[in-house]
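Here is what each chain is made of, one letter per residue.
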Amino acid sequence: MTALTPHGARQFILDNTALMAPPHVPEILLHLADEAHELWQRTEDELVEIGLPPPFWAFAWAGGQGLARYVIDNPDRVRGKRVLDFASGSGLVAIAAAKAGAAAVTAADIDPFCATAIRLNSEVNDTRIEFLGTDCVGTDAGWDVILAGDVFYDKSFADRLTPWFATLKARGADVLVGDPGRSYLPRSGLEPLGLYEVPVTRALEDAEIKRTTVWQLA
């Protein structure tokens, strides 16, 4: 098996997903897995040979849904600003920011599938999203707002993100995080902005509803 080409990635996404609206953000359509467990297992088993990670891009995770909902309902937080959607996955939060009037939106994710998934999803929603496929932790391209949905699920990753977010905040950026109670969310320095009850896929989560908080670095 050889590495997927951009066309191959596009066809894989179209073959394994359906266009649907995330339950908490019905304004947005995404190419999402409608049989979550089957796709998750298929990609882990069949694509491990070409080095592709599990398809986080195929699911609307609770943290992203809550954060996207907050951005759409509070467009002043991003309107006219340069926005980074970090660990973008499907591009849900980036699309929400674009719809809310952001001047420029960059969706960052190191998963090579995300470039294609986000392009397909942004086209469906008639939004313009720039994709960044490199590891941008520790960098600063002058973003006004950093949005991060569901990123505190791993300790080593969280240990990298926390000082980076603090540095961006210290120089004047707004950092907003959507989190459904992941284990490594920082226990201090956060101000709650909104609380949401988000329907999720039981095959991938421990409940059908995840209570999700949108936080701002204080």
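Residues numbered from 1 in each chain as written. Predicted model: local features only at pLDDT ≥ 70, side-chain atom pairs only at ≥ 80, totals over all residues. Heavy atoms only, no water.

Caption draft 1: Seen up close, unusual backbone geometry. The backbone phi angle of Ala87 is positive, close to 55°, even though this residue is not glycine. Tracing the chain through its elements places Ala87 in the loop between strand S3 (82-86) and helix H4 (92-99). Unusually for a residue other than glycine, Asp126 sits at a positive phi of about 55°. Position of Asp126 among the secondary structure elements: in the loop between helix H5 (112-124) and strand S5 (130-132). (Helix = DSSP H or I, 4+ residues; strand = E, 2+ residues; numbered from the N terminus.)

Caption draft 2: Quick look at the pairing of strand S7 (residues 174-179). Of all the six residues making up S7, five are buried; the element is thus mostly covered by neighbouring parts of the structure. Relative to S7, strand S6 (residues 145-149) runs parallel, the two being bridged by five bridges. Paired with Gly149 across the bridge in S7 is Gly178. What joins S6 to S7 is helix H6 (residues 155-170), and the crossover it makes is right-handed. Pairing geometry for S7 and strand S9 (residues 209-217), over four bridges, is antiparallel. Of the residues in S9, the one forming a bridge with Val177 is Trp215. (Buried < 20%, exposed > 50% of the residue type's maximum accessible area, 1.4 Å probe, protein only. Pairing = 2+ DSSP bridges. Right-handed = clockwise from strand over helix to strand, strands pointing away.)

Caption draft 3: Just the packing of helix H3 (residues 62-73) against H4, in detail. The interhelical angle for the contact between H3 and H4, taken along N-to-C directions, is 5°, at an axis separation of 9 Å. Judged on the interaxial angle alone, H4 and H3 are roughly parallel. Residues Gly64, Gln65, Leu67, Ala68, Val71 and Ile72 of H3 form the contact with H4, whose participating residues are Leu92, Val93, Ala96 and Ala97. A per-class count over the contact of H3 with H4 returns eight nonpolar, two polar and no charged. (Axes fitted to C-alpha atoms, helices over the stretch in contact; angles between N-to-C directions. Parallel < 35°, antiparallel > 145°, perpendicular 65-115°, else oblique. Contact = heavy atoms within 4.5 Å. Nonpolar A, V, L, I, M, F, W, Y, C, P; charged D, E, K, R; others polar.)

Caption draft 4: Layout of empty space enclosed by the protein. Taken as a whole and assessed by the stated rule, the structure comprises one cavity of 30 Å³ or more. Considering only enclosed or pocket space, the largest cavity measures out at about 50 Å³ in volume. Lining the largest cavity, in full, are Phe59, Ala60, Trp61, Val200, Thr201, Leu204 and Glu205. Residue composition of the lining of the largest cavity, grouped by class: five nonpolar, one polar and one charged. (1 Å grid on protein atoms, 1.4 Å probe; cavity = no way out; pocket = protein on both sides within 12 Å on 5 of 7 lines; lining within 4 Å. Points joined across faces, edges and corners; volume = space filled by probe spheres on them.)

Caption draft 5: Expanded view of the layout of surface pockets. Approximately 660 Å³ is the volume found for the largest pocket. If you go around the largest pocket, you meet 33 residues; those closest to its centre are Phe56, Ala87, Asp109, Asp150 and Tyr153. Only S3, H4 and H6 provide two or more residues apiece to the lining of the largest pocket. Residues that form the lining of the largest pocket fall into these classes: 19 nonpolar, six polar and eight charged.

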